[in-house]
Every structure is written in C-alpha cells, then in structure tokens.
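The chain contents come next:
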Amino acid sequence: MVPGSKYVKLFLSNGDEAPMRIALVSPLYESVPPRLYGGTERIVAYLVEELVLQGHEVTLFASGDSRTSARLVPCSPQGLRLDKTYRDPAAYHLLMAQRVCRVASDFDVVHFNIEFLHYPLTRLYRFPNVTTLHSRLDLADLFPLYQEYREVPVVSISDSQRAPLPFANWQGTVYHGLPPGLLQLNDRGDAYLAFLGRVSPEKGLDSAIAIARGSGIRLKIAAKVDPWDKEYFATVIRPLIDGKDIEFIGEISEGEKQEFLGNALALLLPLHWDEPFGLVMIEAMACGTPAIVFARGSAPEVVRNGVGGFLVRDEAEAIEAVRKVEGISRRSCREYFEARFLARRMAEDYLALYQKVIDNQKRLA
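Residues numbered from 1 in each chain as written. Predicted model: local features only at pLDDT ≥ 70, side-chain atom pairs only at ≥ 80, totals over all residues. Heavy atoms only, no water.

*Asks:* An account of the overall build of the chain is requested, with residue identities and associated values reported.
*Replies:* Broken down by element type, the chain carries 12 helices and 15 strands. Against the compact-globule benchmark of 21 Å for 365 residues, the chain has a radius of gyration of 21 Å, which places it among compact chains. Summarising its shape, the C-alpha atoms of the chain cover approximately 65 × 45 × 35 Å along the three principal directions. Put simply, the chain has 365 residues, and 55% of those count as buried. Approximately 15,600 Å² of the chain is accessible, and the part contributed by carbon and sulfur atoms is 52%. (Helix = DSSP H or I, 4+ residues; strand = E, 2+ residues; numbered from the N terminus. Rg over C-alpha atoms; globule rule 2.2 N^0.38 Å. Buried < 20%, exposed > 50% of the residue type's maximum accessible area, 1.4 Å probe, protein only. Areas by Shrake-Rupley, 256 points an atom, 1.4 Å probe, with all protein chains shown as cover.)

Put into structure tokens, the structure is as follows:
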C-alpha cells in the first residue's frame, strides 16, 4: 500500500489547490458499475465516484451503459458480456486504448485498468500513466511480456500478486475499497454459509460444498458460470447440488448482496489458487460477516485471523472454523473493514501514485 495514504497535491500559480485531471480507463466487458458480476468494473466505479467527490476532474472511458458522476466517453454501446452480438473484445479495447492515447495530453494522468493492450501505445505517446493489474500474473505467457515492457508503471492489488513478476515496474500496492454506505452491518447472521463469485476450479466451490456438508450447515451459492466453466459446473458441481442443504441461486445483482452476505453465518472462500485480492472478502466483512478463507494469495493481507474471519489451510480446518465462527464479533468485523477497506483510503492511495508517475514523467522529459 502507498505509505500514509497522503498525496502531494497540484497547485495553481496563486497557491490554491488544483484538482487533478484524471482519465480512468475501464474494461468493456461490463458496465461501470456492473449490473451483475464484475469485480474490476465495480472497483473502477467506486474509485471514480470517490475521486469526483474529492473534487477532481474525472473522465471515464467505459461502456456506453455505464452510470457515473464523471464525464463518460463511451467506447462500446454496452457491456460486452451481456451483448450477444460482439465476437472479439480485444478489438473494442484496442480502439479504446488508441482513443485514450490520442487525447492523453488533456489529462494530468491516465489510469488504465485493461491489463496490457495499451503498452505499445504508451511507449509511443509517452504521458503520465499507471496500470492497475487486477488479474493473476502466474501465467507463463506474461513473463516475456513484462520482460519487454519493464518501463510500464504498474500497480498491484496485493503484495502477494507481484510474486510471479518481481522485476515489473511496481509503483505501489493499493487494496480495494468500498463506499462506507454500500453495505451495512448485520449484527446477527442466519444459519447458512455463503459462497459468492464465480463457479470455477480455482475458486474452490467443490471444497466449499465439502466444508458445508462436514459442518452440517446449509450452503447457499450465488455465482455465475462463464461459458468456459460450464463443463466443470455440469460434471463436478451440479451433481453435488440437492436444492436443500446445497442451494444454487445463480448470479445476483449488487442490490442483492446485502441480504445474501449480511444474513450469512460466514462466507466460505476455500481458494484453490493465489487470489490477487478477493473483493468478496471485504464485501462480507462490510456486512459484519466473517470470511473463512484458505490462507493463500492475498487472503493473509485482507483477512485478520480471528477478527475478519479465519485463515485456514484445508477443509478440515475450515470445518473447525465454522464451529468457532460465532465467537467472532460481527461489529468488530465491520470496524476492521472500516479501518482498512474504504473507498476514500483507496482513492488517496491512488492519488499518491498519480503524483508519483507525474513527477517521474517530468524527470524524464
């Protein structure tokens, strides 16, 4: 995380503070904010609104159906995942990146959230920019890419995310944050466990089902199934769903999260991979709902053991954690969330990084 959550403000010639002119570039797969699932677009939405609230001039490059207080530049008619007519999302993202780079001089800084398609363009145009990497970085294909683009300023969403690419041009780590009023404390959870996210092997839904059965507590699953995970769902997960002890709800909207997470006894996240961040963990803690998480990837950075939930090593430890979870104060869980994962802190961390890359660009000019 950027130390201190403070930033060096820009000043006008008379000494008054000047707002930053910030371009935020979102993926086009979902609207900003998403109608349903969409972690990156959701974080972009929270960041945009907080930066506008703090008085900065923000322009959002995103899908045309986005809803924002910033100036919106639509780069596709709507979120691509829900548009059945599109075929190649890379085409839309490359066109957007070119559009952004052509007008980059209109901004003090450009903040990309679209992985790496724009790297050749930023090398060509040269302007203050930073890219937040929201996805896994342990794919072999990425190693030579980041060897080539070592100069690109990048931001991690957890320190653990950096491990596969330690040589990248890391500017800082910024943990995700939520608006304080988005989710409310629920002092008393119901007698069910919750799983929220994607149905995929790495998310560990099969383990969540095993943990629920081992603890004798009902599991509710609110998750989307991507096309490439349909076979996994059909062959591995669907046979385990009985509609009673294991209930599959499907994909839910933002407005439904309060009831789903807030009423749960605990969130289960038995990760089978090194999660870069895990937004659902802080969403659960915002409701006062403890998260029982396999201790890998970002989990030890996000969940404080015994306060925000329990960090466990395997299914047996998770079952034991379920038996102890009512001993965690839901109010303390919420207070821990407020101390570490609010959108204001996230925005201040990014503002510090924006100033850093602006200053670096000036030194190179």
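*Asks:* Explain the layout of surface pockets to me, and be specific about the residues and the numbers.
*Replies:* By volume, the second largest pocket amounts to about 350 Å³. Looking at the second largest pocket, it is lined by 16 residues, and the ones nearest its centre are N129, E151, P153, Q361 and L364. Among the elements of the structure, α3 (119–125), β9 (169–173) and α12 (343–364) are those that each provide at least two residues to the lining of the second largest pocket. The dominant element in the lining of the second largest pocket, judged by the number of residues it contributes, is α12, at four residues. Class assignment for the residues of the lining of the second largest pocket results in seven nonpolar, six polar and three charged. (1 Å grid on protein atoms, 1.4 Å probe; cavity = no way out; pocket = protein on both sides within 12 Å on 5 of 7 lines; lining within 4 Å. Points joined across faces, edges and corners; volume = space filled by probe spheres on them. Nonpolar A, V, L, I, M, F, W, Y, C, P; charged D, E, K, R; others polar.)

*Asks:* Mind laying out the packing of helix α1 (residues 39–53) against α12, listing which residues take part and the relevant values?
*Replies:* Two quantities define a packed helix pair, namely the angle between the helix axes and the distance between the axes. Remark: α1 packs on α12, axes separated minimally by 9 Å, with the N-to-C direction vectors making an angle of 80 degrees. What the angle tells us is that α1 and α12 run roughly perpendicular. On α12, the residues touching I43, Y46, L47, E50 and L51 of α1 are A343, R344, M346, A347, Y350, L351 and Y354. A breakdown of the residues in the contact of α1 with α12 according to their chemical character gives 10 nonpolar, no polar and two charged. (Axes fitted to C-alpha atoms, helices over the stretch in contact; angles between N-to-C directions. Parallel < 35°, antiparallel > 145°, perpendicular 65-115°, else oblique. Contact = heavy atoms within 4.5 Å.)

*Asks:* An account of the packing of helix α5 (residues 205–215) against helix α10 (residues 315–324) is needed here, citing residue identities and associated values.
*Replies:* In the contact formed by α5 and α10, the axes pass within 9 Å of each other and the chain directions differ by 50 degrees. In terms of orientation, α5 lies oblique with respect to α10. The interaxial crossing formed by α5 with α10 has right-handed handedness. Residues S207, A210, I211, G214 and S215 of α5 form the contact with α10, whose own contacting residues are E315, A318, I319, V322 and R323. Counted by class, the contact of α5 with α10 contains five nonpolar, three polar and two charged residues. (Left-handed = near helix turned anticlockwise from the far one by under 90°.)

*Asks:* Outline the side chain of R345, supporting the account with residue identities and numerical values.
*Replies:* Of note, R345 is situated in helix α12. A relative accessible area of 11% places R345 in the buried class. Engagement of the side chain of R345 in a polar contact is seen with the backbone oxygen of Y175, the distance being 2.8 Å. (Polar contact = N/O pair within 3.5 Å; in protein donor to acceptor, adjacent residues only side chain to side chain.)

*Asks:* Outline the confidence of the model for the chain, listing residues and values.
*Replies:* Overall, the prediction assigns the chain a mean pLDDT of 93, with 95% of residues at 70 or greater. Under a pLDDT of 50 for its full length, residues 2–16 has, in the predicted model, 29 contacts with residues more than four places off or in other chains. (pLDDT = per-residue confidence, 0-100.)

*Asks:* Tell me about the pattern of salt bridges, and name the residues and values.
*Replies:* The tally for this structure, following the rule as stated, stands at 22 salt bridges. Where D138 meets R136, a salt bridge forms, and the shortest distance between an N and an O atom there is 2.8 Å. When its relative accessible area of 30% is taken as the criterion, R136 is described as partly exposed. A salt bridge links R198 to E202, with the nearest nitrogen and oxygen atoms 3.1 Å apart. Look at R198 and you get buried, because its relative accessible area is 14%. By sharing partners, the salt bridges in this structure join R42, E254, K257 and E283 into a single network. (Salt bridge = Lys/Arg side-chain N within 4 Å of Asp/Glu carboxyl O.)

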